[in-house]
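Given next are the chains, with one letter for each unit.
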Amino acid sequence: MTEFDGELPPFEIVEPAQWRAPIIFNSPHSGSVYPKSFLNASRIDLATLRRSEDSFMDELIADLSNRGFPVVRVNFPRCYVDVNREPYELDPRMFAGRLPSFANTRSMRVAGGLGTIPRVVGDGQEIYRDRLSVEEALQRIEMLYKPYHRALRRLINRVHQHFGTAVIVDCHSMPSVGVSRDEPRRPDIVIGDRYGTSCAPLLADLVEKVMSGLGHSIGRNKPYAGGFITEHYGNPASGLHAIQLELNRAIYMDERRRERGPRLAEIASDFTVLAEALANVPLGDLGPFQAAAE
């Protein structure tokens, strides 16, 4: 059984009754509905699998749809299918049989075990007892990954056509402590704009100004510069902007118990302030931009 067999749909797009601005808030890694067949195939328990989740990130942005902003959330877990990857980043070591020639088997993400169908969870533990069939992987991609991206692309295109521009705020969370002992203490928020290539600089600057003004420490592009969604959908010259926000889990949840923390409502309110600030950016500042004449 490769279908997503939860009670919820695989993903949801909640559009506002009245649109405030061309800004889409997306939570691709907060899914927490685990297919039974997946749990049965896993060599590790549910609590360990959940370490890869961006737990409660969807809750932090949920109210924004009532304030004029579309919100996208994925309900299946990223360790089952990761939509923030290329469609076919697949690790040959995971599968019984030969992968199709178009699969990208050599990316850095695949090397780390974190491809479209992940081999490991975030702390490096192997997920599966046995190798998967190639057909299983391709079915998950066809049934979950591709419908999500088709729906997201349609939403972005509609926003772009209506407003002349679109901004995707890709919302993630990160462990408060890195794997390497040499890594410095992680800030409250890491802004990822693919080193200035996925959105207009004024957007990243505004996010930093607003969130630092609310008391948060800020980092840029390290250790997270933005994944496939940020890179794939961000094209500032065409008026398409994508920015990734990585939120330190320690500020809004208990990481060990995976429970909501006392500041959850406060952080959700901070996202409302951020959304309003982004909505006030003049559309003309967001392109599309004409190439300068030589």
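Refer to the structure presented above.
Residues numbered from 1 in each chain as written. Predicted model: local features only at pLDDT ≥ 70, side-chain atom pairs only at ≥ 80, totals over all residues. Heavy atoms only, no water.

Participant: Explain the overall build of the chain to me, and be specific about the residues and the numbers.
Facilitator: Across its full length, the chain holds eight helices and eleven strands. For the chain, whose C-alpha radius of gyration is 19 Å, the value lies close to the compact-globule estimate of 19 Å for 294 residues. Taken along the three principal axes of its C-alpha coordinates, the chain extends 55 × 45 × 40 Å. A total of 294 residues make up the chain; the buried ones form 54% of that total. A fraction of 80% describes how many contacts in the chain between residues 6 or more apart in sequence connect residues 24 or more apart. A total of about 13700 Å² of accessible surface is found on the chain, and carbon and sulfur atoms cover 50% of it. In the chain, 35 positive and 38 negative side-chain charges are present, and the distance between their average locations comes to 3 Å. (Helix = DSSP H or I, 4+ residues; strand = E, 2+ residues; numbered from the N terminus. Rg over C-alpha atoms; globule rule 2.2 N^0.38 Å. Buried < 20%, exposed > 50% of the residue type's maximum accessible area, 1.4 Å probe, protein only. Contact = heavy atoms within 4.5 Å. Areas by Shrake-Rupley, 256 points an atom, 1.4 Å probe, with all protein chains shown as cover. Lys, Arg positive; Asp, Glu negative; His and termini not counted. Charge placed at Lys NZ, Arg CZ, Asp CG, Glu CD.)

Participant: Please set out the packing of aromatic side chains residue by residue, giving values where relevant.
Facilitator: In total, this model carries seven aromatic pairs according to the counting rule given. Each member of the aromatic cluster is reached from another via a ring pair, and the members are Tyr34, Phe38, Tyr80 and Tyr128. (Phe/Tyr/Trp six-rings, centres within 6.5 Å; stacked < 30°, edge-to-face > 60°.)

Participant: Tell me about the layout of surface pockets, and please be specific about residues and values.
Facilitator: In this structure, the largest pocket spans a volume of roughly 1000 Å³. Lining the largest pocket are 40 residues, with Arg78, Leu114, Gly122, Pro175 and Tyr224 positioned closest to its centre. If you list the elements that add at least two residues to the lining of the largest pocket, you get α4 (108-111), β6 (166-174) and β9 (240-248). Its residues placed into classes, the lining of the largest pocket shows 14 nonpolar, twelve polar and 14 charged. (1 Å grid on protein atoms, 1.4 Å probe; cavity = no way out; pocket = protein on both sides within 12 Å on 5 of 7 lines; lining within 4 Å. Points joined across faces, edges and corners; volume = space filled by probe spheres on them. Nonpolar A, V, L, I, M, F, W, Y, C, P; charged D, E, K, R; others polar.)

Participant: Residues and numbers for the environment of Ile127, please.
Facilitator: Its location among the elements puts Ile127 in the loop between α4 and β5 (132-133). Considering only alpha carbons, one finds Ile127 and Gly97, 30 residues apart in sequence, at a separation of 19 Å. The contacts of Ile127, once residues within four sequence positions are left out, are Phe38, Ala41, Ser42, Arg43, Ile44, Leu49, Cys79, Pro118, Arg119, Val120 and Val121.

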